[in-house]
Amino acid sequence: MDLLTASGMETAAPPVRRVRVLLPLPLASPYDYRVPDDMELEAGAYVEVPLGPRHVFGVVWAVGGPGDNWEAGVAASRLKPVIRRFDLPPMPEVSRRFVDWVAAYTLSAPGSVLRMAVSVSAALEDPKQLLAYLPSGESPPPGFKMTDARRRVLALMEEDGPPRTPADLARDAACGIGVIRGLAESGLLTPVALRAQPRPPIPDANRAGPELSPDQAAAAGALRAAVDARAYSATLVDGVTGSGKTEVYFEAIAACLRQGRQALVLLPEIALSSQWLDRFARRFGVRPVEWHSDLAGAHRRAAWRSIANGEAPVVVGARSALFLPYPDLGLIVVDEEHEAAFKQEDGVIYHARDMAVARAFLGGIPVALVSATPSLETLTNAETGRYGRIDLPARHGGASLPEVTLIDLRRPDSRPPARHWLSPILTQAMAETLAAGEQAMLFLNRRGYAPLTLCRSCGFRLQCPNCTAWLVEHRLSRRLQCHHCGYTDRLPETCPSCEAEHSFVACGPGVERVAEEVAQLFPDARVALMTSDTLIGPQAIQTVIEEVRAHKVDILIGTQVMAKGHHFPMLTLVGVVDGDLGLGGGDLRAAERTFQMLHQVAGRAGRESRPGRVFLQTHMPEHPVMQALAAHDRDAFLAAEADQRRAMDLPPYGRLAALIISGEDERQVDKLARDLARAAPQGDDLQVLGPAPAPLALLRGRHRRRLLLKTARGVAVQPLLQSWLGSVPIPAAVRVQVDVDPYSFM
Ligand code: ADP
Ligand code: ZN
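The structure presented is a predicted model; accordingly, all values stated were derived computationally and were not measured. (Residues numbered from 1 in each chain as written. Chains lettered and ligands numbered in written order. Predicted model: local features only at pLDDT ≥ 70, side-chain atom pairs only at ≥ 80, totals over all residues. Heavy atoms only, no water.)

1. A look at the pairing of strand β19 (residues 452-455)
Step number 1: Neither face of β19 is exposed, since Leu452 and Leu454 on one face and Thr453 and Cys455 on the opposite face are all buried.
Step number 2: Pairing analysis gives four bridges linking β19 to strand β23 (residues 504-507), with the strands arranged antiparallel. Within the sheet, the bridge partner assigned to Thr453 lies in β23 and is Ala506. (Buried < 20%, exposed > 50% of the residue type's maximum accessible area, 1.4 Å probe, protein only. Helix = DSSP H or I, 4+ residues; strand = E, 2+ residues; numbered from the N terminus. Pairing = 2+ DSSP bridges.)

Structure (structure tokens):
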């Protein structure tokens, strides 16, 4: 009972104001806090709140008002007060709805999604202002002594330059900070406060782009119209590599900039995209704001703030850029929309392409999905009319498609010599290319020297102790490596199984081994190796790209990092060492992905006036993927692929969701997997497969089992999954990950 009321006294105290604050933690719902009397908070405000002994940031998700029924929650007297509000515009409503939507779709905690939107909490703090100086123009006060150092500083500042910081001045004038301070105290320098983080420069939307071909102009017009409509639309931009897709969507970005709204471009691997950034700068005069995991601390904070403040006009980023709180987003472009890199596989498991469409829908804005080899998902949506479609059929300037030759590795006359990996047909073509003063590229999507190392006397295979995976020999770094967990070891001198000495032999090729073969065949050629582990960081990759462009390299050998949109004018030959590599394993998209990757690799050959040639080594020349590549008949391949998926009710014609159960204790993992299987949902239009050991049954020391829910396309899987998971107690030591629309089946 309320004592005050019971005693009949009127109370003048105002009612407690409450807010519901979403914290960036995997909690089921927001927490309630009290708003201090001197604080105004609206939905979206960024705040600092107490949580146990800690202080955490959060975002106001709802504000209590008269008539709401929050009193049922925590008693007003027990509410902790909000500590402070950060000086930022509130997180826009659409961003908050997006967080909730993604959480519901992926069955993640909303706080985990919020964490992706505010991944640098330090950016919430107001950046410190920098002290800087301008010359005051005053004359020196009486008694002022002009020293050499003071004269040097003043001389530096004579021009009509920008304000300069003391550290900067001291460095350039080769004097101590004290000299600068003395000048300021004498009134010869005027202090000004500088923004520690300058505003991003504004791209110039009115600079002229290249003159577009009629097809390109029509495509650009359609995208511009979508932007000007200020309404949701999704459009597939489908065109071969080099057809001008980028030029076309640059026109849409220009239209968005002219509206004064923000534009977002998602690229699959932003760290590798310096050519894209250069092109953007040539077109718009300045670089866009970048967002990706390689950005270092201060850059990252500045980028986040400029985006949240609405000062970043164009943002280019990896998938995580989608979650940033844009105050006025007007356009999203997903370039290379088919790329697997858009799928995030840990934490919140999501596909950025699909989430981009959802974000566009919630925001009432257009999204363009761009690819030379669109995913079957997107093509199907375009065919059924859910998405619009723009085709760019021809390469710009009439450059012809490369001629693709399949090399049948089963035939004795085309097979490489024993313990070699390049067919005589391919090496002959390489010799011709080099003789013509042109460049060749060999593609093998396998890092290291050899994928498997075994003992010649007993057959023992070197395996990772933490994963179901062979150790890969890396001869350049003289280590064995696990490509899943990063475990490394030396090559043992004696076999741990039979104790034979020096008995290990390498089986199969990795790029390092191909490089060795090339060095034997072409001792005078200049060879560069391009893989993610021989080149650390975007800068190293950029250096190799520059060398290839400058023709300081004759033969480039690499993995998929090399396949991405690099443009090498003198590259006329592409050799695919193992075209079948991606086709193994039970992945439903194996053929589609192999086609996309090889198509992209092949597209590196002959991009200018020189015609290109592609040689594809395969044991399965009759495979639809190889046939489609040789005949340049993408659509026939996709039609066959679509028929197969449709017949089996696989995506995009049916739906999948996976449960991955993992833990260190194998028995516990197995038990939970069986319990979940017994509690599986039932129905005519659904089926549950498993539990089965995951192909990576052991990963980083954790045992893994999989269950797969397969339903008809129209079924909403989230409620099914939710009640399924809610029906079985999950021990604390076992983890269940939910993967809605899985792309990886490992
Ligand atoms: P895609 O994105 O489809 O691969 P790009 O937009 O990168 O194609 O265009 C390929 C190349 O052709 C680029 O170097 C681009 O600058 C050039 N290009 C495309 N369209 C034109 C045009 N209309 N005028 C001049 N150059 C163009
Ligand atoms: Zn491992």
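This is not the end of the story, as more comes after the structure.
2. Quick look at the sheet that holds strand β4 (residues 54-63)
Step number 1: Taken in spatial order, the five strands make up an open sheet running β2-β1-β4-β3-β5, and their pairing is antiparallel. Single-partner strands in this sheet number two, and they are β2 (31-34) and β5 (84-85).
Step number 2: Alignment of strand β1 (residues 18-22) against β4, held across four bridges, turns out to be antiparallel. Its bridge partner being in β4, Val19 is matched across the sheet by Val63.
Step number 3: Along the sheet, helix α2 (residues 93-106) contacts β1 and β4; its crossing angle with β4, the most-contacted strand, is approximately 105°. (Contact = heavy atoms within 4.5 Å. Axes fitted to C-alpha atoms, helices over the stretch in contact; angles between N-to-C directions.)

3. Comments concerning the coordination of the zinc ion (ligand 2)
Step number 1: Donor atoms from the polypeptide that coordinate the zinc ion (ligand 2) comprise Cys464 (SG), Cys467 (SG), Cys482 (SG) and Cys485 (SG), at 2.2 to 2.4 Å from the metal.
Step number 2: In this structure, the zinc ion (ligand 2) is coordinated by four donor atoms arranged in tetrahedral fashion, with angles at the metal of 105 to 114°.
Step number 3: On the primary sequence, the residues serving as donors to the zinc ion (ligand 2) are separated as C-x2-C-x14-C-x2-C. Of this pair, Cys467 sits in the loop between β19 and β20 (472-474) while Cys482 sits in the loop between β21 (479-481) and β22 (488-489), and the two are 15 residues apart along the sequence. The two residues Cys467 and Cys482 agree in class, both being buried. (Donors = N, O, S within 2.8 Å, 3.2 Å for Na, K, Ca; no water. Tetrahedral: all angles 85-135°; square planar, octahedral: opposite > 155°, others 65-115°.)

4. Here's the deal with the packing of helix α16 (residues 590-602) against helix α18 (residues 634-647)
Step number 1: Orientation of α16 relative to α18, taken along the N-to-C sense of each, is 165°, at an axis distance of 10 Å. In terms of orientation, α16 lies roughly antiparallel with respect to α18. Seen along the crossing, α16 lies across α18 with a hand that is left-handed. Seen from α16, the contacting residues are Ala591, Glu592 and Phe595; seen from α18, they are Arg634, Phe637, Glu641 and Arg645.
Step number 2: Residues belonging to the contact of α16 with α18 are distributed by class as follows: three nonpolar, no polar and four charged. (Parallel < 35°, antiparallel > 145°, perpendicular 65-115°, else oblique. Left-handed = near helix turned anticlockwise from the far one by under 90°. Nonpolar A, V, L, I, M, F, W, Y, C, P; charged D, E, K, R; others polar.)

5. Overview of the domain arrangement of the protein chain
Interface size is commonly expressed as the accessible area that is lost once the parts come together.
Step number 1: Taken domain by domain, the protein chain comprises domain 1 (18-117), domain 2 (130-194), domain 3 (214-396), domain 4 (399-446 + 509-644), domain 5 (448-508) and domain 6 (654-740).
Step number 2: Between the C-alpha centres of domain 4 and domain 6 the distance comes to 39 Å. (Domains from an automatic or database assignment.)

6. What to know about the site of ligand 1
Step number 1: Near ligand 1 there are 15 residues, and of these Glu211, Gln216, Gly242, Thr246 and Arg279 occur at the shortest range.
Step number 2: The contact in question runs from an oxygen atom of ligand 1 to an N or O atom on the backbone of Gly244, over 2.9 Å.
Step number 3: Contact distances for ligand 1 include 2.9 Å between an oxygen atom and a side-chain N or O atom of Glu247.
Step number 4: Coverage of ligand 1 by the protein chains reaches 76% of its 550 Å² of free accessible surface.
Step number 5: Considering every element that reaches the shell around ligand 1, the biggest residue donor is helix α8 (residues 245-258), with three residues.
Step number 6: Looking at side-chain class alone, the shell around ligand 1 contains three nonpolar, seven polar and five charged residues. (Near = heavy atom within 4 Å. Polar contact = N/O pair within 3.5 Å; in protein donor to acceptor, adjacent residues only side chain to side chain. Areas by Shrake-Rupley, 256 points an atom, 1.4 Å probe, with all protein chains shown as cover.)

7. A short note on the sheet that holds strand β30 (residues 702-712)
Step number 1: Within the open sheet, the four strands sit side by side as β29-β30-β28-β31. Their pairing is antiparallel. Edge strands, defined here as strands with exactly one partner in the open sheet, are β29 (686-699) and β31 (735-740). Within the sheet, the average angular offset between the axes of one strand and its neighbour, ignoring direction, is 20°.
Step number 2: In the sheet, strand β28 (residues 654-663) pairs with β30 via ten bridges, with the strands oriented antiparallel. What sits directly across from Ile660, in β30, is Arg706.
Step number 3: Sitting on the sheet, helix α20 (residues 717-726) touches β28, β29, β30 and β31, and the angle it makes with β30 is about 135°.

8. So, the UniProt feature "binding site: Zn(2+) 1" (unreviewed entry) in the protein chain
Step number 1: Here the UniProt feature "binding site: Zn(2+) 1" (unreviewed entry) sits at Cys455, Cys458, Cys495 and Cys498. The largest pairwise C-alpha distance within this set of annotated residues, which runs over 44 residues, is 8.6 Å, so the set is compact in three dimensions.
Step number 2: If you trace the backbone, Cys455 turns up in strand β19.
Step number 3: Apart from the residues lying within four places of it in its own chain, the contact partners of Cys455 are Phe460, Cys495, Cys498, Ser503 and Phe504.
Step number 4: Each residue touching Cys458, except ones within four places of it in the same chain, is listed here: Cys495, Ser497 and Cys498. (UniProt positions renumbered as here; feature names shortened; annotations may be inferred.)

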